[in-house]
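Fold and contact review
Read off the chains here:
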Amino acid sequence: MLSSERVAELVARATQAREHAYAPYSAFPVGAALLLDSGEIVTGANVENASYGLSLCAERAAVVRAVAQGARRYVAIAVVGPKELDLAPCGACRQFIAEFGLDIEVITLRSGQPTTRTMRELLPDAFDAESLP
Ligand code: THU
């Protein structure tokens, strides 16, 4: 269970990271802050492309950065969109985050207030690698 201070810190870091979003096509900047089990926070922002389908969400940008620095155990991720709009990770990001654990807590704003749900709640009946032959 995350402390309210930790939640506030993650939302603040996600909001800062949003400044670096590259979103010229949607004008919808998003920032994410991923809390590693070490206590370190790794941030991400959405990165769009002229070939729209290539656009990368902030959540996946944060996870990719963390994996690339050797970190695979995560406690939580906060996601903040433009202004204080309600936002929830897209389906692709849910599957991407779930790869690293269904106990990861996902913090999003609801009417401006941080709300925490687990990946298990956001992606019920998730596909997992144990189903693979
Ligand atoms: N986006 C994110 O970065 N995270 C989300 O949770 C939802 C959507 C991005 C993708 C695209 O660059 C822009 O927001 C509009 O969909």
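Residues numbered from 1 in each chain as written. Predicted model: local features only at pLDDT ≥ 70, side-chain atom pairs only at ≥ 80, totals over all residues. Heavy atoms only, no water.

Section: unusual backbone geometry
At Lys83, a residue that is not glycine, the phi angle is positive and equals roughly 50°. Position of Lys83 among the secondary structure elements: in the loop between strand S3 (74-80) and helix H3 (91-98). The phi torsion at Asp125 lies on the positive side, around 55°, for a residue other than glycine. Note that Asp125 resides in the segment after helix H4 (119-122). Look at Asp125 and you get exposed, because its relative accessible area is 78%. (Helix = DSSP H or I, 4+ residues; strand = E, 2+ residues; numbered from the N terminus. Buried < 20%, exposed > 50% of the residue type's maximum accessible area, 1.4 Å probe, protein only.)

Focus: helix H1 (residues 4-18)
Here H1 spans 21 Å end to end across 15 residues, near enough to the 21 Å set by a 1.5 Å rise per residue. Taken as a whole, H1 has its buried residues at Val7, Leu10, Val11, Ala14, Ala17 and Arg18. The buried residues of H1 all sit within an arc of 125° when viewed along its axis, so they share a single face. Exposed residues lying more than 90 degrees from the buried face of H1 are Glu5 and Gln16. Elements in contact with the buried residues of H1: strand S1 (31-36), strand S2 (41-45), S3, strand S4 (105-110) and strand S5 (113-118). (Expected span 1.5 Å × (residues − 1). Arc of directions from axis to C-beta. Contact = heavy atoms within 4.5 Å.)

Overview of the pairing of S4
For a regular strand, side-chain orientation follows a simple rule: the groups alternate between the two sheet faces. When you tally the buried positions in S4, you get five out of six residues, the bulk of the element. Where S3 meets S4, three bridges bridge the pair, whose relative direction is parallel. Paired with Ile77 across the strands is Val106, a residue of S4. Following the chain from S3 across H3 to the adjacent parallel S4, one finds a crossover that is right-handed. In this sheet, S5 lies alongside S4 in antiparallel orientation, the contact comprising six bridges. Paired with Glu105 across the strands is Thr118, a residue of S5. Hairpin connection between S4 and S5: a loop of two residues separates the two successive antiparallel strands, and Ser111 in this loop has a positive phi of roughly 50°. (Pairing = 2+ DSSP bridges. Right-handed = clockwise from strand over helix to strand, strands pointing away.)

Considering the packing of aromatic side chains
In the structure shown here, the tally under the stated rule is two aromatic pairs. Centroid distance Tyr25 to Tyr52: 5.4 Å. Interplanar angle 45°. Geometry classified as tilted. Highlighted residues: Tyr25 in the loop between H1 and S1 and Tyr52 in the loop between S2 and helix H2 (58-68), separated in sequence by 27 residues. (Phe/Tyr/Trp six-rings, centres within 6.5 Å; stacked < 30°, edge-to-face > 60°.)

Nothing here speaks to function; it is geometry throughout.
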